[in-house]
Amino acid sequence: MPSEYSLSDVLGRMYQNQLAIEAALMELTLHAEAQGHADVGDNVRGTLCTIGENAGHIKQGLARLKKLP
């Protein structure tokens, strides 16, 4: 196991965590909506939209970091 992790490795793990949290949040949203809480679903879906938009920027930034020497 390496003694130090590169910035791109750490940020890559954070990005993967973000995707996992996004998926878990969607599962909870679907459950809340099935229980008749459409307002909760609407609120969470708005947040998930922001997370999705930011994920694209993070992914592009990671790609650029990995190209640096």
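In this report, we go over the structure that sits alongside the text. (Residues numbered from 1 in each chain as written. Predicted model: local features only at pLDDT ≥ 70, side-chain atom pairs only at ≥ 80, totals over all residues. Heavy atoms only, no water.)

1. Section: the pattern of salt bridges
Part 1 of the reasoning: A full pass over the atoms with the stated rule returns one salt bridge.
Part 2 of the reasoning: When the shortest N-O distance is used, the salt bridge between E33 and R45 registers 2.8 Å. Residue E33 is found in helix α1 (residues 7–34), and its partner R45 is found in helix α2 (residues 38–67); the two are separated by 12 residues along the sequence.
Part 3 of the reasoning: In this structure E33 comes out as partly exposed when scored by relative accessible area, which is 26%.
Part 4 of the reasoning: On the basis of relative accessibility, which here comes to 34%, the residue R45 falls in the partly exposed class. (Salt bridge = Lys/Arg side-chain N within 4 Å of Asp/Glu carboxyl O. Helix = DSSP H or I, 4+ residues; strand = E, 2+ residues; numbered from the N terminus. Buried < 20%, exposed > 50% of the residue type's maximum accessible area, 1.4 Å probe, protein only.)

2. What about α1?
Part 1 of the reasoning: The end-to-end C-alpha separation of α1 is 41 Å, in line with the 40 Å expected for 28 residues at 1.5 Å each.
Part 2 of the reasoning: S8, G12, Y15, Q18, T29 and A32 are the residues of α1 that are buried.
Part 3 of the reasoning: Buried residues in α1 make contact with α2.
Part 4 of the reasoning: At the C-terminal side of α1, G36 shows a positive phi close to 90°. (Expected span 1.5 Å × (residues − 1). Contact = heavy atoms within 4.5 Å.)

3. Here we look at the environment of G41
Part 1 of the reasoning: For G41, the position within the fold is in helix α2.
Part 2 of the reasoning: Taking the C-alpha atoms as reference, G41 lies 19 Å from Q18; in sequence the two are 23 residues apart.
Part 3 of the reasoning: Not counting residues within four places of it along the chain, the set of residues in contact with G41 comprises T29 and E33.

4. Description of the environment of D42
Part 1 of the reasoning: By the element assignment, D42 lies in helix α2.
Part 2 of the reasoning: Looking at D42, the relative accessible area reads 54%, which means it is exposed.
Part 3 of the reasoning: On a C-alpha basis, the gap between D42 and T29 in space is 8.7 Å, while along the polypeptide they are 13 residues apart.

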